[in-house]
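Examining the three-dimensional arrangement
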Amino acid sequence: MNRIPLRFVSTRCLPPRHYSTTNNPIQTVGVIGAGQMGNGIALVAAMNAKKNVVLVDSNQKSLDNAMKFIDKLLVKYVSKQTLTQDDKETTLSRFKTTTKLDDLAASDFVIEAATENTALKQTIFKNVSDITKQGTILATNTSSISITLLGSIVKEPQNVIGMHFMNPVPVMKLVEVIRGLATSNETYERTIDLAGQMNKTCTLSKDSPGFIANRILMPYINEAIQTLHEGIATKEDIDTTMKLGTNVPMGPLTLADFIGLDTCLAIMKVLYNEFADSKYRPSPLLVKMVEAGWLGKKSGRGFYQYE
């Protein structure tokens, strides 16, 4: 296996000196999924990295809402004088929205940001691999699913990599980069370069369930849910204890609502199934809330009520 340059672990996203991005420049970035994560990824690709962006979703209404969200955010940046009106219009001009995967054919780099579902992501990767040109990098924003597994079903597994953005993407600086077993050095280096152009800082994780962030974060959230389930404390006292006691910006139950309880459950299931360790068993309360459709902020109700 190719050795990974240690200087890229936990550092600013910059390409190694021996690799020239001018040999194979990334001009068009495809983003699959017009949800909260996909919208944010598309925006930083167009605004910060100044790439042409093809945003794909099977639902036209989701695409329309995505562009409304992006326009609203750009208006906010202009009002705060962090972006000029001309820059706003230029950024919007870089977008193309479509419901057809075939429109990704000319993309140099594709980032999948669909629902955290293994079968769905496998289907997307197989279809995109058949559509895109040779050498196109296929990245996934998965927060827990094996990069090696996704790479095993495409024509060029050496071009598959994990690129896990944090939410909200325009604000959070971190991108976890995950190499699959077959991922090439060139794919890794071009990914690091693109992330740097997006003004992100990278950490490197092995292809292990949950990677770094969710391997640590999700058991913490799950234990907070179990603490509530056992009646040890109220949701308010759990969140206040962690906020004021550990100086985090929001408590674990508020954070779970923000992430989405369905996403939290999906990640916990991956950890539990892959490690076969009871410490990763999802809390029964988390399971019941997802069954009830109480998914957090996006559904209007989770541990807290939302407008």
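Every chain's residues receive numbers from 1 upward, in the order its sequence appears when written. Restriction of local features to residues with pLDDT of at least 70 applies here, the model being predicted, together with a cutoff of 80 or more for giving and counting side-chain atom pairs; totals for whole chains, interfaces and linings are based on all residues. In computing side-chain values, all of the structure's heavy atoms are included and hydrogens and water are not.

The name an unreviewed UniProt entry assigns to the protein chain is 3-hydroxybutyryl-CoA dehydrogenase, from the organism Acrasis kona. UniProt positions are given in the numbering used here, feature names are shortened, and annotations may be inferred rather than shown by experiment. Reading the Sequence similarities (unreviewed entry) entry of the UniProt record for the protein chain gives the comment "Belongs to the 3-hydroxyacyl-CoA dehydrogenase family." Under the Pathway (unreviewed entry) heading, UniProt states for the protein chain: "Lipid metabolism; fatty acid beta-oxidation."

What follows concerns the nonpolar core. In this text, buried Ala, Val, Leu, Ile, Met, Phe, Trp, Tyr and Cys residues form a nonpolar core when linked through side-chain atoms within 4.5 Å. Each residue is placed in one exposure class: buried if its accessible area under a 1.4 Å probe, protein chains only, is under 20% of its type's maximum, exposed if it is over 50%, and partly exposed if it falls in between. With 42 residues, the main nonpolar core has Phe109, Ile111, Met163, Phe165 and Met198 as its most contacted residues. Put simply, DSSP marks the helices as runs of H or I at least four residues long and the strands as runs of E at least two long, and each gets a number from the N terminus on. Residue contributions to this core peak at eight residues, all from helix α1 (residues 36-47). By definition in these notes, contact holds between two residues if any of their heavy atoms fall within 4.5 Å. Those residues within four positions of Phe165 in sequence are excluded, and the remaining contacts are Met37, Ile41, Ile111, Asn141, Leu174, Val175, Met198 and Lys200. Core analysis: the second largest hydrophobic core is formed by 20 residues, Met268, Leu271, Leu285 and Phe303 among them.

Let's shift gears to the packing of aromatic side chains. Each Phe, Tyr or Trp ring, with Trp reduced to its six-membered ring, pairs with another whose centre is within 6.5 Å; inter-plane angles below 30 degrees give stacked pairs, above 60 give edge-to-face pairs, and intermediate values give tilted ones. If you walk through the whole model with that rule in mind, you get one aromatic pair. The ring centre of Tyr304 lies 5.6 Å from the NZ or CZ of Lys235, which sits over that ring. Directly above the aromatic system of Trp294 lies the positively charged group of Arg301, at a separation of 3.6 Å from the ring centroid. In this scheme, Lys NZ or Arg CZ marks a charge over a ring once it lies within 6 Å of the ring centre and within 35 degrees of the ring normal.

On to the UniProt feature "domain: 3-hydroxyacyl-CoA dehydrogenase NAD binding" (unreviewed entry) in the protein chain, then. UniProt's entry tags residues 28-207 with the feature "domain: 3-hydroxyacyl-CoA dehydrogenase NAD binding" (unreviewed entry), counted in the numbering of this structure. Spanning residues 28-207, this segment combines 41% helix with 22% strand, and its end C-alpha atoms are found 27 Å apart.

With respect to the element layout, Ser107 can be found in the loop between β4 (95-98) and β5 (109-112). Exposure remark for Ser107: the relative accessible area of 1% places this residue in the buried category. Setting aside chain neighbours within four positions, we find Ser107 in contact with Thr28, Val29, Gly30, Lys133 and Thr136.

Note on backbone geometry: most residues besides glycine have negative phi, and most peptide bonds are trans. With an omega dihedral of 0°, the bond running from Asn167 to Pro168 counts as a cis peptide bond. Topologically, Pro168 is positioned in the loop between β7 (160-165) and β8 (174-179). The backbone phi angle of Lys50 is positive, close to 60°, even though this residue is not glycine. Tracing the chain through its elements places Lys50 in the loop between α1 and β3 (52-56). Unlike most non-glycine residues, Asn199 shows phi in positive territory, near 70°. Its place among the elements puts Asn199 in the loop between α6 (185-197) and β9 (201-205).

This part is about the pairing of β8. Within β8, five of the six residues are buried, which leaves the element mostly enclosed by the surrounding structure. Looking down the strands as they point away from the viewer, one classifies a crossover as right-handed if the path from the first strand across the helix to the second runs clockwise. Regarding the hand of the β-α-β motif, the stretch spanning β8, α6 and β9 is right-handed.

Before going further, it helps to examine the environment of Leu73. With respect to the secondary-structure elements, Leu73 resides in helix α2 (residues 60-79). C-alpha separation for the pair Leu73 and Ala292, spaced 219 residues apart in sequence, amounts to 32 Å. Contacts of Leu73, omitting those with residues within four sequence positions, involve Leu43 and Pro170.

Here Thr183 is to be found in the loop between β8 and α6. Distance and chemistry together define a polar contact, namely a pair of N or O atoms within 3.5 Å, with one atom able to donate a hydrogen and the other to accept it when in protein, and with adjacent residues in sequence counting only for side-chain atoms on both sides. A polar contact is formed between the side chain of Thr183 and the backbone oxygen of Val160, at a distance of 2.6 Å. Polar contacts involving the side chain of Thr183 include one to the main-chain amide nitrogen of Gly180, which spans 2.8 Å. Discounting residues that sit within four places of it in the chain, Thr183 has contacts with Pro157, Gln158, Val160, Ile161 and Tyr188.

Let us look at the confidence of the model for the protein chain. A score between 0 and 100, pLDDT records how confident the predictor is in each residue. With 93% of its residues at a pLDDT of 70 or more, the protein chain has an overall mean of 93. Across residues 15-19, where pLDDT falls below 50, the model places 14 contacts with residues more than four positions away in sequence or in other chains.

With respect to the helices and strands, the residue Val29 is situated in strand β2 (residues 28-32). Classification of Val29 by relative accessible area gives buried; the value is 0%. In this structure, Val29 is in contact with Ala45, Lys51, Asn52, Val53, Val54, Ser107, Phe109, Ile111 and Leu194, ignoring residues within four places of it in sequence.

The geometry of helix α7 (residues 213-229) relative to helix α8 (residues 235-246) is characterised by a closest axis approach of 9 Å and an angle of 140° between their N-to-C directions. Note on packing geometry: the crossing formed by α7 with α8 is right-handed. Contact with α7, carried on its side by Tyr220, Ala224, Thr227 and Leu228, involves Lys235, Ile238 and Met242 of α8 and no other residues of that element. Tallied by class, the residues present in the contact of α7 with α8 amount to five nonpolar, one polar and one charged. Angles run from 0 to 180 degrees between N-to-C directions of axes, and those axes are lines fitted to C-alpha atoms, restricted for helices to the stretch in contact. Definitions for this section: a left-handed crossing has its near helix turned counterclockwise from the far helix by less than a right angle. A right-handed crossing has that turn clockwise. Classification used: nonpolar for Ala, Val, Leu, Ile, Met, Phe, Trp, Tyr, Cys and Pro, charged for Asp, Glu, Lys and Arg, polar for all others including Gly.

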